[in-house]
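# Structural overview for review
Read off the chains here:
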Amino acid sequence: MNALQGNWNYPTAVRFGAGRISELAEACRALGMSRPLLVTDRGLAGLPIVQEAITANQGADLPTGLFSDVQGNPVGQNVDDGVAVFRNDGHDGVIAMGGGSALDVGKAIALMAGQTRPLWDFEGGADWWTRVDPDGMAPVVAVPTTSGTGSEVGRASVIIDASRHTKKIIFHPGMLPATVIADPALTVGLPPHLTAWTGIDALSHNLEAWCSPLFHPMADGIALEGMQLIRRALPRAVTDGADLTARSEMMIASTMGATAFQKGLGGMHAIAHPIGATLNTHHGRTNGVLMPYVLMFNRSVIEDRLTDAARYLNLTPSFDGFLSWVLELREQIGIPHALSDLGVGEEHIEILARLAVVEPCGATNPKTLSIPNLERLIAAAVAGDLEAAAG
Ligand SMILES: [Fe+2]
């Protein structure tokens, strides 16, 4: 028996362990669902893990619909289309299954299931989420199939407002899925490049939370252990996708990253979001490219933090020890070094800086972000010049 399993109630009800997908129908029923809608992305919809989940639910007398019109970097239309299916077919709950995009759209469909206002009415003002009618929200079982986003334990969805080319954060405390089935066996088929890209996203969550200046020692503890798990497991999961111990450690590290980043994120995400929204790059891969530049930019105020983290991770206990590990890990798992490798050019720097400076997650970057210093930081990352990023 695989020992890496457990039933947890923090930060929500989590059924963790290989094979736990067999409990899907029971988990849906426990939340009062009799006709769930499974939301996933187009790629996953045809794969056995989704088809088998639907078949198993039918066999358990739980008729389950499928909505898979979800793109990477999902847009508001994906949510609207899913809400229409949810209402027309009389569903009463959502199974959000997949990577970050599918989880985010599934959670947003559940939020919108019984609302009368449009999606963007809940985003913008500091408290516009209070416009949501909680009685109109449907229950969610979240089933991650990648280890990176941690959206299964998040209270928000990132959805693109296509008319403004911006990633919007739709937030409501009730968006935290009531139940998570975290089954690392579902990630065994994830190819090496996606394992790497999603895995380094999980690292960026733990790392940015660790570096956030807010006071949140609980999150700090989770972030440190999350980074430790990733140091141990990510290279193994990329090299041997069938290594279930590495897959288990990556899956929990991903959940931990999203739990820790209630403490805040920082410059990596503030810059990665507008790059993803304008150039449709992969979110995790973009964070992975940005990681060492943002560390260099923040260096003067995070030297002690990174020295402590390096000590815990058994690295040379210094800022440089931590940075060297990040650079080695990126190379080992195939993350490119410069933003130019993702198609970002000098012509994008000005607009990206202007979009990044208003990103909410930049508010907890250790150093204050401004348009001029963001332009310099992004230019350094485009050129692949780490020294030029130092602030
Ligand atoms: Fe992320």
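This section reports on the structure supplied with the text. (Residues numbered from 1 in each chain as written. Predicted model: local features only at pLDDT ≥ 70, side-chain atom pairs only at ≥ 80, totals over all residues. Heavy atoms only, no water.)

## What about the coordination of the iron ion?
We count it as follows: Metal sites are built from N, O and S donor atoms within 2.8 Å, or 3.2 Å for Na, K and Ca, and they leave out water, so they may look incomplete. Between 85 and 135 degrees for all angles marks four donors as tetrahedral; over 155 degrees for opposite donors together with 65 to 115 for all other angles marks four donors as square planar and six as octahedral; every other arrangement is irregular. Under the DSSP-based scheme used, a helix requires at least four consecutive residues in state H or I and a strand at least two consecutive residues in state E, with every element numbered from the N terminus. Exposure classes here rest on a 1.4 Å probe applied to the protein chains alone. A residue is buried below 20% of its type maximum, exposed above 50%, and partly exposed in between.
Coordination of the iron ion by the protein involves D201 (OD), H205 (NE2), H269 (NE2) and H283 (NE2), with metal-donor separations of 2.1 to 2.3 Å. Because the angles between the four donor atoms bound to the iron ion fall within 88 to 170 degrees, the donor set is best described as irregular. One chain supplies every donor for the iron ion, spaced along it as D-x3-H-x63-H-x13-H. Pair noted here: H205 is in helix α6 (residues 192-211) and H269 is in helix α9 (residues 267-279), with a separation of 64 residues, a long-range link. H205 sits in the buried class, given a relative accessible area of 3%.

## A few points about empty space enclosed by the protein
Using a probe with the size of a water molecule, rolled over the atoms, empty space left in the structure can be pinpointed. Using the following cut-off: Lining residues are defined by having an atom within 4 Å of a point belonging to a cavity or pocket. Those points lie on a 1 Å grid over the protein atoms alone, cavities being sets where a 1.4 Å probe fits but cannot get out and pockets being open sets with protein on both sides within 12 Å along at least five of seven lines. Grid points are joined across faces, edges and corners, and a volume is the space filled by probe spheres set on the points. Just so you know the grouping, Ala, Val, Leu, Ile, Met, Phe, Trp, Tyr, Cys and Pro go in nonpolar, Asp, Glu, Lys and Arg go in charged, and all remaining residues, Gly too, go in polar.
According to the stated counting rule, one finds two cavities of 30 Å³ or more in the structure shown. Size it by volume and the largest cavity reaches roughly 50 Å³. Taken together, S147, T187, L190, T195, T198, G199, L234, A237, R247 and M250 make up the full set of residues lining the largest cavity. Listing elements by their share of the lining of the largest cavity, those giving two or more residues are α6, α7 (217-239) and α8 (244-260). For the lining of the largest cavity, the element with the highest residue contribution is α6, accounting for three residues. Grouping the amino acids of the lining of the largest cavity by side-chain chemistry returns four nonpolar, five polar and one charged. Of the pockets and cavities examined, the second largest cavity occupies roughly 40 Å³. Around the second largest cavity, the lining residues are E208, C211, L265, G266, M268, V294, L295, N298, N365 and P366. Looking at the lining of the second largest cavity, the elements that each hand over two or more residues are α6 and α10 (283-312). Here the lining of the second largest cavity takes three residues from α10, the largest share from any one element. Its residues assigned to classes, the lining of the second largest cavity shows six nonpolar, three polar and one charged.

## Focus on the pairing of strand β6 (residues 140-144)
Just so we agree on the cut-off: At least two bridges found by DSSP between two strands are what make those strands a pair. Seen with the strands pointing away from the viewer, any crossover whose path from the first strand over the helix to the second strand runs clockwise is right-handed.
Of all the five residues making up β6, five are buried; the element is thus mostly covered by neighbouring parts of the structure. Residue alternation in β6 divides its side chains into two sets, V140, A142 and P144 and V141 and V143, and both sets are buried. Where strand β5 (residues 94-98) and β6 come together, five bridges link them in parallel fashion. Across the sheet, A96 pairs through a bridge with A142, a residue of β6. Taken together, β5, helix α5 (residues 100-112) and β6 constitute a β-α-β crossover, and its handedness is right-handed. The sheet contact formed by β6 and strand β9 (residues 179-182) spans two bridges and is parallel. When the bridges of β9 are listed, A142 appears paired with V180.

## Re a nonpolar patch on the surface
Rules: Each patch is built from residues lacking any salt bridge and having more than 30% relative accessible area; the joining distance is 9 Å for like charges and 5 Å for nonpolar side chains (Val, Leu, Ile, Met, Phe, Trp, Tyr). Note on areas: Shrake-Rupley with a 1.4 Å probe; residue coverage comes only from the protein chains shown. Salt bridge, as used here, is a side-chain nitrogen of Lys or Arg placed within 4 Å of a carboxyl oxygen of Asp or Glu.
A grouping of V357, V358 and I371 is seen on the molecular surface, where their side chains present a nonpolar patch of about 220 Å² in accessible area. In this structure, V358 sits in the loop between α12 (349-356) and α13 (371-383). Residue V358 is classed as exposed on the basis of its relative accessible area of 61%.

## Points about the layout of surface pockets
In this structure, the second largest pocket spans a volume of roughly 160 Å³. For the second largest pocket, the full set of lining residues is I21, S22, L24, A25, I49, E52, A53, A56, N57, A60 and L186. Only α1 (24-30) and α3 (48-59) provide two or more residues apiece to the lining of the second largest pocket. Looking at which element gives the most residues to the lining of the second largest pocket, the answer is α3, with five residues.

## Digging into the state of the cysteines
Going by this rule: Our working definition of a disulfide is a cysteine sulfur pair at a distance within 2.5 Å.
The tally for this structure, following the rule as stated, stands at zero disulfides. C361 takes part in no disulfide bond, and the closest cysteine sulfur, belonging to C211, lies 14 Å away.

## Some words on the packing of aromatic side chains
Note the threshold: Stacked, edge-to-face and tilted labels apply to pairs of Phe, Tyr and Trp rings (six-membered ring for Trp) whose centres lie within 6.5 Å, assigned for plane angles under 30 degrees, over 60, and everything in between, in that order.
Under the counting rule described, the total for this entry stands at three aromatic pairs. Aromatic pair W129 and F171: ring centres 5.6 Å apart, planes at 85 degrees, arrangement edge-to-face. Here W129 is found in the loop between α5 and β6, whereas its partner F171 is found in strand β8 (residues 166-171), with 42 residues between them in sequence. Here W129 falls in the partly exposed class, since its relative accessible area comes to 28%.

## Considering the sheet that holds strand β3 (residues 37-39)
Selection rule: Think of each axis as a best-fit line through the C-alpha atoms, taken over the contacting stretch in the case of a helix, with angles from 0 to 180 degrees between the N-to-C directions. Throughout, a contact is declared for two residues whenever any of their heavy atoms are within 4.5 Å.
The sheet built from seven strands is open, its strands ordered β1-β2-β9-β6-β5-β3-β4 with mixed pairing. Bordering the open sheet on either side are β1 (6-8) and β4 (65-67), each of which pairs with just one other strand. The average undirected angle you get between the axes of adjacent strands in this sheet is 20 degrees. Sheet strands in contact with α3 are β3, β4 and β5, and its direction is about 155 degrees off that of β5. Helix α4 (residues 76-88) contacts β3, β4 and β5 of the sheet and is inclined by roughly 165 degrees relative to β4.

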